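# Structural overview for review
These are the residues of each chain, in order.
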Amino acid sequence: MPGDDGRGAGDMRALRWILVVLLALVTLGLAALTLGSFASLNPNAPLWLRSMGSVELLLSAQVGAAGLPAFTRAIALTLLTSVLAGLVAFLKPRA
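Fair warning: this is a prediction, and the values are worked out from it, not measured in the lab. (Residues numbered from 1 in each chain as written. Predicted model: local features only at pLDDT ≥ 70, side-chain atom pairs only at ≥ 80, totals over all residues. Heavy atoms only, no water.)

### Observations regarding the side chain of Ser 60
To be explicit about the condition: Helix numbering and strand numbering both begin at the N terminus, where a helix is a DSSP run of H or I of at least 4 residues and a strand a DSSP run of E of at least 2. By the convention used here, residues are in contact when the closest approach between their heavy atoms is within 4.5 Å.
For Ser 60, the position within the fold is in helix H2 (residues 47-63). Apart from residues lying up to four places away in sequence, Ser 60 is in contact with Ala 65, Ala 66 and Arg 73.

### As for the pattern of salt bridges
Here the idea is simple: oppositely charged side chains can pair when their charged atoms come close. Rules: Whenever a carboxyl oxygen of Asp or Glu lies within 4 Å of a side-chain nitrogen of Lys or Arg, that contact is scored as a salt bridge. For the exposure calls, accessible area comes from a 1.4 Å probe over protein chains only, and a residue counts as buried if that area is under 20% of its type's maximum, exposed if over 50%, partly exposed in between.
In the structure shown here, the tally under the stated rule is one salt bridge. Between Arg 73 and Glu 56 there is a salt bridge, with its nearest N and O atoms 3.1 Å apart. Pair noted here: Arg 73 is in helix H3 (residues 70-91) and Glu 56 is in helix H2, with a separation of 17 residues, a long-range link. Residue classification places Arg 73 among the buried residues on the basis of a relative accessible area of 8%.

### Considering H2
Defined as follows: To estimate the expected span of a helix, subtract one from its residue number and multiply by 1.5 Å. Arc, as used here, means the arc of the directions from the helix axis to the C-beta atoms.
Relative to the 24 Å expected for 17 residues at 1.5 Å per residue, H2 spans 24 Å between its end C-alpha atoms, a close match to the ideal helical length. Those residues of H2 that sit buried are Leu 49, Gly 53, Glu 56 and Ser 60. Across the axial projection of H2, the buried residues extend over an arc of 55°, all falling on one side. Turned more than 90 degrees away from the buried face of H2 sit Leu 47, Trp 48, Leu 58 and Gln 62, all of them exposed.

### Focus: the packing of aromatic side chains
To be explicit about the condition: Any pair of Phe, Tyr and Trp rings, taking the six-membered ring for Trp, is counted once the centres come within 6.5 Å. Such a pair is stacked with planes under 30 degrees apart, edge-to-face with planes over 60 apart, and tilted for the rest.
By the definition in use, this model includes one aromatic pair. Taking the centre distance of 6.3 Å and the plane angle of 75° together, the rings of Phe 38 and Phe 71 count as edge-to-face. Residue Phe 38 is located in helix H1 (residues 7-39), and its partner Phe 71 is located in helix H3; the two are separated by 33 residues in the primary sequence. Judged by relative accessible area, Phe 71 falls into the partly exposed class, the value being 48%.

### What to know about the environment of Ala 14
Within the secondary structure layout, Ala 14 lies in helix H1. For the pair Ala 14 and Leu 41, spaced 27 residues apart in the sequence, the C-alpha separation amounts to 41 Å.

### A look at H3
Spanning 22 residues, H3 covers 31 Å between terminal C-alpha atoms, matching the ideal 32 Å at 1.5 Å per step. The set of residues buried in H3 consists of Arg 73, Ala 74, Leu 77, Thr 81, Leu 84, Val 88 and Leu 91. One side of H3 holds all its buried residues, which, seen down the axis, span an arc of 125°. Residues of H3 that are exposed and angled more than 90 degrees away from the buried face: Leu 79, Val 83 and Phe 90.

### Things to note about the layout of surface pockets
To keep things clear, this is the line we draw: Both site types are read off a 1 Å grid over the protein atoms alone. A 1.4 Å probe that fits but cannot get out defines a cavity, while an open set with protein on both sides within 12 Å along at least five of seven lines defines a pocket; lining residues have an atom within 4 Å of a point. Grid points are joined across faces, edges and corners, and a volume is the space filled by probe spheres set on the points. In this classification, Asp, Glu, Lys and Arg are treated as charged, Ala, Val, Leu, Ile, Met, Phe, Trp, Tyr, Cys and Pro as nonpolar, and every other residue, Gly included, as polar.
Of the pockets and cavities examined, the largest pocket occupies roughly 220 Å³. Along the walls of the largest pocket sit Leu 30, Leu 33, Glu 56, Leu 59, Ser 60, Val 63, Ala 65, Leu 68, Arg 73, Ala 76, Leu 77 and Leu 80, which together make up its complete lining. When contributions to the lining of the largest pocket are tallied by element, the ones reaching two or more residues are H1, H2 and H3. Class assignment for the residues of the lining of the largest pocket results in nine nonpolar, one polar and two charged.

Right, here's the structure in full:
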């Protein structure tokens, strides 16, 4: 019968690993944007961090969240990044 050789489980495991890697990359990108968002609140922050805050503001404008205060956007990004990091840990295939 098809699927009796155990190959289907290996395919699902590979698919879950691909999903985990993609979600981890998205999480790292959001973490950088979150750091930049908090850095943009401080005028003494390094220029490269404030530049990340500018990128975050541009992306927020595309999503329609540019009208929110900067601190609210930073907190929302923190929560979103935390949820995605938890999802990556939850979806990671186990032995």
